[in-house]
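# Observations on the three-dimensional arrangement
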Amino acid sequence: MDEEAAPKRDKNGPKFHCLPHSTQGSARMGTRKKVHTFVRVKPTDDFAHEMIKYGDDNKSIDIHLKKDTRRGVVNNQQTDWSFKLDGVLHNASQDLVYETVAKDVVAQALDGYNGTIMCYGQTGAGKTYTMTGTTENYKHRGILPRALQQGETNRIIASHTMNKNSSRSHCIFTIYVEAHSRTLSDEKYITSKINLVDLAGSERLGKSGSEGRVLKEATYINKSLSFLEQAIIALGDQKREHIPFRQCKLTHALKDSLGGNCNMVLLTNIYGEAAQLEETLSSLRFASRMKLVTTEPAVNEKYDAERMVKNLEKELALLKQELAIHDSLANRTLVNYDPMDEIQIAEINSQVRRYLEGTLDEIDIINLRQIQEVFNQFRVVLSQQEQEVESALRRKYTLIDKNDFAAISAVQKAGLVDVDGHLVGEPDGQGFGLGVTPFSAKPGKKSKSKKTFKEQLSSSARKEGASSPVSGKELDVSTSKTQLTPSSKEGDVKDMTIRERETSSIEPLPSDSPKEELRPPRPSTPPPKPVAFEDFKNERGSEINRIFKENKSILNERRKRASETTQRINAIKREMDVTKEALNFQKSLREKQGEYENKGLMIIDEEEFLLILKLKDLKKQYRTEYQDLRDLRAEIQYCQHLVDQCRHRLLTEFDIWYNESFFIPEDLQVALKPGGSIRPGMVPVSRIMSLGEDAQDKFSQLQQVLLPEGPDSVAFYNAKVKTEQKHNYLKTMMGLQQAHRK
Ligand code: ADP
Ligand code: MG
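Report on the accompanying structure. Values in this document were obtained by computation on a predicted structure and should not be read as measured data.

Take the packing of aromatic side chains next. Scanning all chains against the criterion turns up nine aromatic pairs. Geometrically, the ring pair formed by Y355 and F378 is edge-to-face, given 6.1 Å between the ring centres and 90 degrees between the ring planes. With Y355 in helix 12 (residues 342-357) and F378 in helix 13 (residues 368-396), the pair connects residues that are 23 residues apart, well separated along the chain. Overall, Y355 belongs to the buried group, its relative accessible area being 5%. Overall, the relative accessible area of 18% leaves F378 in the buried class. Taken together, F533, F536, F654 and W657 form an aromatic cluster joined through their ring pairs. The cationic tip of R141 hangs over the ring face of Y138; the distance from NZ or CZ to the ring centre is 3.8 Å.

Turning to the site of ligand 1, a few remarks are in order. Around ligand 1, the surrounding shell holds 12 residues, and the nearest of these are G124, G126, K127, T128 and Y129. One nitrogen or oxygen atom from the main chain of G124 is found 2.6 Å from an oxygen atom belonging to ligand 1. T128 is positioned such that a nitrogen or oxygen atom in its side chain is 2.7 Å from an oxygen atom of ligand 1. Protein chains bury 68% of the 550 Å² of accessible surface belonging to ligand 1 in isolation. Among the secondary structure elements, those contributing two or more residues to the shell around ligand 1 are strand 4 (36-42) and helix 3 (127-131). Looking at the shell around ligand 1 element by element, the count peaks at three residues for helix 3. When the residues that make up the shell around ligand 1 are grouped by side-chain class, the tally is three nonpolar, six polar and three charged.

On to the pairing of strand 11 (residues 188-198), then. Most of strand 11 sits out of view: 10 of its 11 residues are buried. Bridge analysis of strand 9 (residues 114-121) against strand 11 gives five bridges, and the strand direction is parallel. Residue pairing for strand 11: G115 is matched across the bridge by I194. Relative to strand 11, strand 10 (residues 171-180) runs antiparallel, the two being bridged by 10 bridges. Counted as the bridge partner of I172 is V197 from strand 11. Two strands pair when backbone bridges link them, and strand 11 and strand 14 (residues 301-303) are joined in this way by three bridges, in the antiparallel orientation. Each residue of the ladder has a partner; that of I190, found in strand 14, is E301.

Turning our eyes to something else, we now look at helix 10 (residues 277-290). Three or four residues apart is the spacing at which side chains of an α-helix point the same way, because the helix has 3.6 residues per turn. Taking 1.5 Å of rise per residue, the 14 residues of helix 10 would be expected to cover 20 Å, and the 20 Å separating its terminal C-alpha atoms lies within 8% of that figure. The buried count for helix 10 comes to 10 of 14 residues, which makes it a mostly enclosed element. Along helix 10, the residues that are buried comprise L277, E279, T280, L281, S282, S283, L284, F286, A287 and M290.

Ranked by internal contacts, the top residues of the largest apolar core, which has 42 residues, are I61, I63, M118, L228 and L258. Among the secondary structure elements, those contributing two or more residues to this core are strand 4, strand 6 (60-64), strand 7 (80-84), strand 9, helix 7 (212-236), strand 12 (262-271) and helix 10. Among the elements that make up this core, the one with the highest residue count is helix 7 (seven residues). When sequence neighbours within four positions are dropped, the list of residues in contact with I63 reads M51, I52, T79, D80, W81, F83, L277, L281 and L284. Of all hydrophobic cores here, the second largest spans 26 residues; its members include A102, C119, L144 and L148.

Turning our eyes to something else, we now look at the packing of helix 16 (residues 529-538) against helix 18 (residues 606-662). At their nearest, the axes of helix 16 and helix 18 sit 10 Å apart, and the two run at 105 degrees to each other. Taken together, the axes of helix 16 and helix 18 lie roughly perpendicular to each other. Side by side, helix 16 and helix 18 meet where K529, A532, F533, D535 and F536 of the first sit next to L650, L651, E653, F654, D655, W657 and Y658 of the second. When grouped by side-chain class, the residues that make up the contact of helix 16 with helix 18 number eight nonpolar, no polar and four charged.

Attention shifts here to the sheet that holds strand 6. Spatially, three strands are ordered 5-6-7 in an open sheet, and the strand pairing comes out antiparallel. Lying at the two open borders of the sheet, with one neighbouring strand each, are strand 5 (52-54) and strand 7. If you compare each strand with its neighbour and ignore which way they point, the axes differ by 20 degrees on average. Pairing between strand 6 and strand 7: five bridges, direction antiparallel. Across the sheet, the residue bridging to I63 is W81, located in strand 7.

Rules of the game
- Residues numbered from 1 in each chain as written.
- Chains lettered and ligands numbered in written order.
- Predicted model: local features only at pLDDT ≥ 70, side-chain atom pairs only at ≥ 80, totals over all residues.
- Heavy atoms only, no water.
- Phe/Tyr/Trp six-rings, centres within 6.5 Å; stacked < 30°, edge-to-face > 60°.
- Helix = DSSP H or I, 4+ residues; strand = E, 2+ residues; numbered from the N terminus.
- Buried < 20%, exposed > 50% of the residue type's maximum accessible area, 1.4 Å probe, protein only.
- Lys NZ or Arg CZ within 6 Å of the ring centre and 35° of its normal.
- Near = heavy atom within 4 Å.
- Polar contact = N/O pair within 3.5 Å; in protein donor to acceptor, adjacent residues only side chain to side chain.
- Areas by Shrake-Rupley, 256 points an atom, 1.4 Å probe, with all protein chains shown as cover.
- Nonpolar A, V, L, I, M, F, W, Y, C, P; charged D, E, K, R; others polar.
- Pairing = 2+ DSSP bridges.
- Expected span 1.5 Å × (residues − 1).
- Core = buried A, V, L, I, M, F, W, Y, C linked by side-chain atoms within 4.5 Å.
- Contact = heavy atoms within 4.5 Å.
- Axes fitted to C-alpha atoms, helices over the stretch in contact; angles between N-to-C directions.
- Parallel < 35°, antiparallel > 145°, perpendicular 65-115°, else oblique.

Below, the structure written as structure tokens:
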């Protein structure tokens, strides 16, 4: 287009330049552009050569006023002006005017840029001729029919070009352009509009000599032109934020054409005669002000929703076909990828329930949609169960919000609970409670609780090797910390399996409220005690457990030494016995042989003498070893006492921790305390008894303590150990005191 439209030659010779193509093919937004201003001089035989001169590049007009003009311009007034423009059209054909002024604006409108072309000037200077042209002569047709032609909408030219418009009114033609891509796949399309504005005459009132209605009209027209000018000046000032578009209909109508994102051209029509020089000057001044205005042309891109949907549907169908091919290659038949209906969702819900109950081992993976629905149903089932548990509790208990202090104090006043929220005078805990009671605490149901814990023990043993029952690496539900089976008919929680034994504490359920953030929110069923005890030993009980173990090893070491000492003592004793026997033999032998006496002294032979010495030595050894043994026993008893203390603390602290962690009701807490009624069912006695104890340890104990005959029962053994520990403690203290005195 450049080549075509660039420098063209009028028959009079001047060069013309068309619009620069600054926005085409370059960045579509962000480039600011000035309003292009052109001047078209109406052809005349009486051209004022001495007053109007064009610059060599045809981009400027110099006006020179003679001092002796008819209206007597005062001497000291300015007589010379120079106006810089984008082009001067002198004796230009309609063709050239269109090429220079309008062609690019229209071309860019077809690319999505709004465009505005305005003709400004005094009445009769050729605005209408420029914009519309003469109707009878095709060659003389103006910008509007040519623009329609360029936009390939010839059909409607006739009806529009016929319209006559008054010199005293503004006339705006708007061509709406909507351009869709010829390729069907493109859902993007552009919209734009071209405003072709034939402004009313700009002449000043004094000059036109109007009167009455015409004067009024002219005043009005001039007003709107001055509003247009104000708006344009405001637009030219980059610092101005408010542009007065609403002042009149003209500026309002041109709002989105003057400012913002459009290509804008101002064509100023002037007379070439000396007599019109003042109006010509006024028009040129307007043009030069207009030149300061910048706009930012941008494409008006839109999306054809209908076409877009059609394209997406096509794409979807294609992908489904692709998937079908894939499935048949992978030997997967009858896989349906459509959204699930209610029946299918219900089936998944049932699968999830059966899976949670344990009656279904695996949920087969079919496709992504199904996996998502499985997870969805997990959530549904979980929240249903939460509600079921809560409503079961509500049937049994009156639940009061722990944060509802008013309700709590009311209950306290009524004497139903003490300050700690514990029930008063209701040992069975039935009928009333604060907070959520984790499970039945009624004595009649204790056996049930026991069973629950036993189940937990067995399930916790089971789970060690078992990973997620869901097959397939893609779907691993083992990441969930807890798993609840669906509630039984009574709504009681039957079982709970703790996964991830590595975690030192029981993870809170995600749905718990943040109000209880200080303590880990308790799961609806506490974990089995042996499991919890392992956890406890790793966290809060770690220090006491460490000391316990340390004491234990010292105790074991002392016991070992005591055992060795005892063996040595026994050996010495045996040797003493043998020596005594030998000595007795020697004695009897001597008695048989007759005794020698020398000055009252018994004479014995050397053999007997040696035996006596040996016995004496053995006795000494015996005493030393025996003393060692006694010291060791004292130490052992002392250590035993420490170990017992540690064990007791470990268990007590564990119980506190356990109850704190899992909010076991008070009456049950009592029962759970060491020596409590239901411990044997929950934590095996062997477990309690064998806290860190090994076989050697037990053996030493048996060696040290003479057990009464037939104390088979663990309870008896237990009681005995306890009583003895008490005695031993006192003995130890005494022994230590003695040792100190030595
Ligand atoms: P305006 O709309 O500015 O008041 P018009 O376009 O009506 O002026 O022009 C007044 C007269 O001058 C019309 O008869 C028109 O045909 C004629 N005229 C204006 N400009 C030209 C031109 N460049 N070439 C030939 N005739 C022209
Ligand atoms: Mg006109």
